[in-house]
Each structure stands twice: as structure tokens, then as C-alpha cells.
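Coordinate inspection notes
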Amino acid sequence: MTDQRARHTAERFREVYGAAPAGVWAAPGRVNLIGEHTDYNDGFVMPLALPHTILAAASPRTDGVLRVHSGDGSSGGGQIAELRLDALRPASDGGWAAYPAGVVWAMREAGLPVGGADLHYDSTVPVGAGLSSSAALEVVTALALDDLYGLGLTRQRLARLAQRAENAFVGVPCGIMDQTAAACCTEGHALFLDTRDLSQRQVPFDLAGRGLRLLVVDTRVKHELGDGAYAQRRAMCEHGARALGVHALRDVQYAQLPAALGSLAAAPQDAGPGGGPDVRAAVRHVVTENRRVEDVIARLDAGDPRAIGPLLTDGHASLRDDFRVSCAELDLAVAAAGAAGALGARMTGGGFGGSAVVLVEEAAADAVAGRIVQAFAAAGYARPRIFPAVPSAGARRLV
Ligand code: GLA
């Protein structure tokens, strides 16, 4: 299947650019199992790669020009976008081409000897579903350029460059989770990542072998609020860290939480725009969420994957009630999953729409999915798209 897609992507490259590509690379979308809104607090996350990938067929160019093309008409593909490397400026180019352009810009900004390239992309990662299609696009571009120009960069470095592209060139203040997931995940594992130093551990996550399934419920909604609200949550966390005199909220230990909350009681409690959390609620979410990541790992290490279910559901409550990044559709997905007998469920990713993950017994998966679809229909919401999250490989060269 992947081979066939790789051949097809190479063939499309030849149609578009008139010659065979030098290679074909892939990078996946992701879901996050646990550890939400912790990555920009130097905390812990635990994503896994999806089987859905963006493929890039690419060849180097010697004239300082970057050309990008996508077969996916829905994301503005069809036309070749042509950019001069010496004219790349942050936030100067709208649309999806800003992501690959930003990666080239970030590599050159870092002093890496990267020249031009022709790139053609083919994607099966749903766009706007909170499954990190942008990080997949950045990372597949970074990996292709790394290979084309013989840079030999580590996966962590590629992730950092991809994040730099998104932060400074595209202008989205995301953390490092999504890019690291796309770059570093491995088949059959969830990735335990310490976002402070990018140290990581591949945690075996053999759902099928244990008779379990992790469902992704793409709610198909994305609320406008999302972008400004993400920056507002980040600012509130930074405010909390400053008020507590720590470098980042990661430095507040779980056992210190009551004292930390007590000391913040005197601080101004402004809720941010859009009904965001006050600083105490933001701190409580981040500190308890880091703890939940550690607890999930302990339960997986103890060979008890079913026992992580309640931690997922607790994480959702914290995101909904304390951090306030959920929405009605995500809450309904989680509630309906719970009522239908799921082991646990939570929103995944930034929030305000996008997707939830639901841990279920394999035998109950279809029934639980059916109940979620019914609940959405009864509420008058669009039909959610539901599919299994099979822990898959991170970025790699295919051809
Ligand atoms: C988005 C960001 C990530 C992370 C999550 C929330 O996916 O891109 O860096 O902050 O939201 O956990």
C-alpha cells in the first residue's frame, strides 16, 4: 500500500516537474495519548504516530529556487508555488506553501547548507482534524532536505527546525510535541517525550495484542476561537511560572501543588479572553497533567493498559474544566464513549474542535463508535469520522 502510494507520488512528481524525483519520504500525523498543553511548559507528552502520512517526492535544484506542489486540491494544491530562497521572509507567504518554505528558511537561518528543491506532496492526514498535518508537512520536508543535502541531522534537530519554521515563519506559537511525534515515533509504540531536553523513550503500546483499540473520533469541527486561545493559554502558563518563581510549570512538583495554588490565591485572577482559565486553574491543569503522563507510563510498564482509561478521562475533565480548551462536540464524544462502556476517553491535541481518542475493548469498539455517532446525530452535529489509531512509524525514506 505504502509502496504503491510512493510509486504514485513519484509518478505525479514526474508529471508535474518533467523528471523522476531523487527520492520519496513520508511523515505521519499523530494523536496524543496523554500530556496535553504541557509541551510549552517543558513538561511530558505521549503521542503516537498514525498510519496516515504525508509523502514528499523531491529533487534538489541548483538555482536557489524552491518549488512546491500538492495533489490535494482541497488544500490549495494543483498549482506549483515557486519561491526564491533569498526572498523568503517570515509570515510573508500565506497558504500551505509557507510550511515547506518555512522549513527551508529555518535550515538556512541555522546556517545549514540547504539549496533549492522541487517537491510534490501527497497526503492522507486529515486537515483541520487536530491530527498534526502541519507538523507532518514540515517534518517530511525537513527529512527530504536533510537527505538531499547530506546534512545528517538527528531526528530531534529536524523536529526543532520544523517547530522553528512553524513558530517564526508561519507564525503559530506551537510547542515541540507534534514535530517530535512525526520525526521520532516508531511502530507499535507511544513516545514518552520530556519536552525540556527532548529525551525520549519508546513505550510498547501493543493494543491489538491486548484485545484493545484506540479510536480516533474526528468531530469535524474547528472553532474560530482556537488560534488566539492557544496563545492565551501559553501566556497564562508563563504568567503562572513567573508568579511562582520557576523557569516553567514543569518545575512545580505534584506534591507542591497545594502550596503553589495557595501562594497564587493572592495573584490577580483575570480570566483571559474567550473565557480562558485563571492562573490557578492553568497551573493545576499542567501540574496534574504531567503527573497523569507519569501514571500512564507506570501502568503501561506494569503491563496494565486497561488501567490507563480513567487517567485519560480525568485528563479530559482537566482540559474541559480547568484549562478550558474543550468544546461541546468533544465533550459529547467523551461522554457518549463513557456511557457506552469505553475504558476512557479524552480530547487530543490543542482543542476547540479536532479529535478525541477513546480506549475500548476491541470487541466493543463498533458498538461504542455507533453510540458516539448516534449521540452526534441526536445533538444535530455533523457525523464524526471514527477510525482506529494504530501506533505507526515516524518519518522515513520510502524510495
Ligand atoms: C497543539 C500544539 C502542540 C501542543 C498541543 C497541546 O497540537 O501544536 O505543540 O501544545 O496543541 O498539547
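Numbers given to residues run from 1 along each chain, matching the order in which its sequence is written. The predicted nature of this model means local features are confined to residues of pLDDT at least 70 and side-chain atom pairs, given and counted, to a pLDDT of 80 or more, with totals for whole chains, interfaces and linings taken over all residues. Processing note: side-chain calculations cover all non-hydrogen atoms of the structure and skip hydrogens and water entirely.

1. What about helix α1 (residues 2-17)?
Side chains that are three or four residues apart share a direction in an α-helix, a result of its 3.6 residues per turn. Our working definition: Helix and strand labels come from DSSP, where a helix needs a run of H or I of at least four residues and a strand needs a run of E of at least two; each type is numbered from the N terminus. Expected helix span is given by 1.5 Å per residue-to-residue step, counting one fewer step than there are residues. Exposed residues in this analysis have more than 50% of their type's maximum accessible area, buried residues have under 20%, and partly exposed residues fall in between, with area computed by a 1.4 Å probe over protein chains only. Taken from the helix axis, the directions to the C-beta atoms give the arc we talk about.
With 16 residues, α1 should cover 22 Å at 1.5 Å per step; its first-to-last C-alpha distance of 22 Å lies within 8% of that length. Of all the residues in α1, the buried ones are Arg-5, Ala-6, Thr-9, Ala-10, Phe-13 and Tyr-17. Relative to the axis of α1, the buried residues are bounded by an arc of 140° and lie together on one face. Those residues of α1 that are exposed and angled more than 90 degrees off the buried face are Gln-4, Arg-7 and Glu-15. Once α1 finishes, Gly-18 follows within two positions and takes phi at roughly 85°, a positive value.

2. Here's the deal with the domain arrangement of the chain
Quick reminder of the rule: What marks off one domain from the next here is an automatic or database domain assignment. Should any heavy atoms of two residues lie within 4.5 Å, those residues are considered in contact. A simple way to read buried area is as the amount of 1.4 Å-probe accessible surface that goes missing from two parts once joined, with both sides added. By definition, a salt bridge exists where a carboxyl oxygen of Asp or Glu is found within 4 Å of a side-chain nitrogen of Lys or Arg. Residue polarity follows a fixed list, in which Ala, Val, Leu, Ile, Met, Phe, Trp, Tyr, Cys and Pro are nonpolar, Asp, Glu, Lys and Arg are charged, and the others, Gly among them, are polar.
Under the domain assignment used here, the chain contains domain 1 (2-203 + 393-397) and domain 2 (205-388). Domain 1 and domain 2 are separated by 26 Å when their C-alpha centres are compared. Across the contact, 36 residues belong to domain 1 and 43 residues belong to domain 2. Roughly 3200 Å² of surface becomes buried between domain 1 and domain 2 when both sides are summed, with 63% attributable to carbon and sulfur atoms. Looking only at domain 1, the three residues that lose the most surface to domain 2 are Leu-33, Ile-34 and His-37, adding up to 21% of its buried area. Here Asp-194 and Arg-250 are joined by a salt bridge, their closest N and O atoms 2.8 Å apart. Element by element, the count of residues in the side of domain 1 that touches domain 2 is highest for strand β7 (residues 189-194), at 4 residues. Residue composition of the side of domain 1 that touches domain 2, grouped by class: 17 nonpolar, 12 polar and 7 charged.

3. A closer look at the sheet that holds strand β6 (residues 116-123)
Stated formally: Pairing between strands is defined by DSSP: at least two bridges between the two strands are required. Angles here are taken between N-to-C directions and fall from 0 to 180 degrees, while the axes themselves are lines fitted to C-alpha atoms, restricted in helices to the stretch in contact.
The strand order across the open sheet built from 6 strands is β5-β4-β6-β3-β1-β13, with neighbouring strands paired in mixed fashion. Edge positions in the sheet fall to β5 (81-84) and β13 (396-397), since each of these pairs with one other strand and no more. Inspection of the sheet shows strand β4 (residues 65-70) paired to β5 by 4 bridges, in the antiparallel sense. By the bridge assignment, Val-68 is partnered in β5 with Ala-81. Strands β4, β5 and β6 of the sheet are contacted by helix α2 (residues 98-109), whose axis makes an angle of about 150° with β4.

4. Observations concerning the pattern of salt bridges
By the definition in use, this model includes 24 salt bridges. For Arg-61, the salt bridge identified is with Asp-118, shortest N-O distance 3.1 Å. Placement of Arg-61 in strand β3 (residues 47-61) and of Asp-118 in strand β6 is noted, with a sequence separation of 57 residues between them. Linked by salt bridges that have partners in common, Glu-36, Glu-289, Arg-292 and Arg-346 make up one network.

5. What about the side chain of Thr-53?
Note the following rule: Any N or O atom pair separated by 3.5 Å or less is treated as a polar contact, with the protein-specific requirement of one donor-capable and one acceptor-capable atom, and with residues adjacent in sequence counted only for side-chain atom pairs.
With respect to the helices, strands and loops of the structure, Thr-53 is situated in strand β3. With relative accessibility at 5%, the residue Thr-53 sits in the buried group. Among the polar contacts made by the side chain of Thr-53, one reaches the side chain of Arg-5 at a distance of 2.7 Å. Excluding residues that lie within four positions of it along the chain, Thr-53 makes contacts with Arg-5, Ala-26, Ala-27, Pro-28, Asp-122, Ser-123, Thr-124, Val-125 and Arg-396.

6. Overview of the sheet that holds strand β8 (residues 199-204)
Sheet strands pair by backbone hydrogen bonding; their relative direction is either parallel or antiparallel. Taken in spatial order, the 3 strands of this open sheet run β2-β7-β8, and their pairing is antiparallel. One side of each edge strand has no neighbouring strand; the edge strands of this open sheet are β2 (44-45) and β8. Bridge count for β2 against β7 is 2 bridges, and the pairing is antiparallel. Bridge pairing in β7 places Val-45 opposite Leu-193.

7. Some remarks on the site of the ligand
Counted only if it meets this: Throughout, near means a residue has at least one heavy atom within 4 Å of the molecule or strand. What sets the accessible areas is the Shrake-Rupley method with a 1.4 Å probe; for residues, cover comes only from the shown protein chains.
In the vicinity of the ligand, the contacting residues are Arg-30, Glu-36, His-37, Asp-39, Tyr-40, Cys-174, Gly-175, Met-177, Asp-178, Tyr-230, Gly-349 and Gly-350. Here Glu-36 contributes a side-chain N or O atom positioned 2.7 Å from an oxygen atom of the ligand. If the ligand stood free it would expose 310 Å²; the protein chains cover 91% of that surface. Mapping the shell around the ligand onto the domain boundaries places at least three of its residues in each of domain 1 (2-203 + 393-397) and domain 2 (205-388).

8. What to know about the nonpolar core
Using the following cut-off: Here the nonpolar core consists of buried residues drawn from Ala, Val, Leu, Ile, Met, Phe, Trp, Tyr and Cys, with membership extended through side-chain atoms lying within 4.5 Å.
Grouped together as the largest cluster of nonpolar side chains are 84 residues, with contacts concentrated most on Met-107 and Leu-214. A domain split of this core shows at least three residues from each of domain 1 (2-203 + 393-397) and domain 2 (205-388). Beyond its immediate sequence surroundings of up to four residues, Leu-214 is in contact with Val-31, Leu-33, Leu-48, Phe-205, Leu-207, Val-357, Val-358, Leu-359, Phe-387, Pro-388 and Ala-389. In terms of nonpolar packing, the next biggest core, distinct from the first, is built from 44 residues, Ala-241, Leu-244, Ala-342 and Val-360 among them.

9. With respect to the state of the cysteines
A covalent bond between the sulfur atoms of two cysteines is referred to as a disulfide. Under the convention used in this document: Note on disulfides: each one is a pair of cysteine sulfur atoms within 2.5 Å.
Under the definition given, this model contains 0 disulfides. Among the cysteines around Cys-184, which has no disulfide bond, Cys-185 carries the closest sulfur, lying 7.5 Å off. The class for Cys-184 is buried, based on a relative accessible area of 7%.

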